[in-house]
Amino acid sequence: MAARRHRARHYAMQALYQWHMANASVTDIEAEFREEYDFDKVDGEYFHTLLSEIPRHIDELDELYAPFLVERSLAELGAVECALLRIGTFELRDRIDVPYRVVINEAVGLAKKFGAADSHKFVNGVLDKTARQLRVPEVAEFDASRRAPG
């Protein structure tokens, strides 16, 4: 399941990048990805959810993480970082079934693979702060477990 979700995020990031750069139809991009790539090992439903819901709620998602863009504006973000922050913020807000640390780790891993140098640190910082706003009890519980004597 985790590997299938990982591939769904991977392809969703690439599809959202394409959507951002080419301004093509999300439906056309999804059809292209499903035709071009082997989706047998992909959580296709999750890919569809990410690719259809993120563009539909883009302004709301951008507003949630924008306050944490230190020394950068939304317009200055690269397309890869933008796609990853939107996926991460969507998951933090709407997919409470996915632990916040998984959301951040997945985004950081994809940033290391596809983003500019050190973009993974930027994505990590922004999503960590976003998680602290959207997942208060979960983050607090994790922080408390790290402080507890072992």
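J.: I tried to follow the overall build of the chain on my own but got confused; where do I start?
T.: Counting its secondary structure elements, the chain contains eight helices and zero strands. Helices and strands appear in the chain in the N-to-C order α-α-α-α-α-α-α-α. On C-alpha atoms alone, the chain measures out to a radius of gyration of 15 Å, which is about the 15 Å that the 2.2 N^0.38 rule sets for 150 residues. The dimensions of the chain, computed from C-alpha atoms along their principal axes, are 50 × 35 × 30 Å. Each of the 150 residues in the chain was classed as buried or not, and the buried ones make up 45%.

J.: Please explain the packing of aromatic side chains as it appears in this structure.
T.: Each aromatic ring pair is described using two quantities: the centre-to-centre distance and the angle formed by the ring planes. Scanning all chains against the criterion turns up seven aromatic pairs. Taking 6.2 Å as the distance between ring centres and 80° as the angle between the ring planes, the aromatic pair formed by Tyr100 and Phe142 counts as edge-to-face. Within this pair, whereas Tyr100 is found in helix α6 (residues 100–114), its partner Phe142 is found in helix α8 (residues 136–147), the two being separated by 42 residues in sequence. Classification of Tyr100 by relative accessible area gives buried; the value is 4%. Taken together, the ring pairs connect Tyr11, Phe33, Tyr37, Phe39 and Phe47 into an aromatic cluster. Over the ring of Phe122 we find Arg72, and its NZ or CZ is 4.1 Å from the ring centre.

J.: Honestly, the packing of helix α1 (residues 2–22) against α6 in this entry has me stumped. Any pointers?
T.: When two helices pack together, you describe them by how their axes are tilted relative to each other and by the distance separating the axes. Here α1 crosses α6 at 55°, and the two axes come no closer than 11 Å. Classified by the angle their axes make, α1 and α6 are oblique. Classified by chirality, the crossing of α6 by α1 is right-handed. Facing His6, Arg9, His10, Met13 and Gln14 of α1, the residues of α6 in contact are Val102, Glu106, Leu110, Lys113 and Phe114.

J.: Got a minute to help me understand the environment of Ala31 in this structure?
T.: Take Ala31: it is sitting in helix α2 (residues 26–36). Separated by 70 residues in the primary sequence, Ala31 and Arg101 place their C-alpha atoms 31 Å from one another.

J.: Honestly, the environment of Ala107 in this entry has me stumped. Any pointers?
T.: Examined against the element boundaries, Ala107 turns out to sit in helix α6. According to the relative accessible area criterion, Ala107 is buried, its value standing at 5%. Sequence separation between Ala107 and Phe47 is 60 residues, and the spatial gap between their C-alpha atoms is 15 Å. In this view, Ala107 contacts Leu84, Val123 and Leu127; residues no more than four positions away in its chain are not counted.

Conventions we followed
- Residues numbered from 1 in each chain as written.
- Predicted model: local features only at pLDDT ≥ 70, side-chain atom pairs only at ≥ 80, totals over all residues.
- Heavy atoms only, no water.
- Helix = DSSP H or I, 4+ residues; strand = E, 2+ residues; numbered from the N terminus.
- Rg over C-alpha atoms; globule rule 2.2 N^0.38 Å.
- Buried < 20%, exposed > 50% of the residue type's maximum accessible area, 1.4 Å probe, protein only.
- Phe/Tyr/Trp six-rings, centres within 6.5 Å; stacked < 30°, edge-to-face > 60°.
- Lys NZ or Arg CZ within 6 Å of the ring centre and 35° of its normal.
- Axes fitted to C-alpha atoms, helices over the stretch in contact; angles between N-to-C directions.
- Parallel < 35°, antiparallel > 145°, perpendicular 65-115°, else oblique.
- Left-handed = near helix turned anticlockwise from the far one by under 90°.
- Contact = heavy atoms within 4.5 Å.

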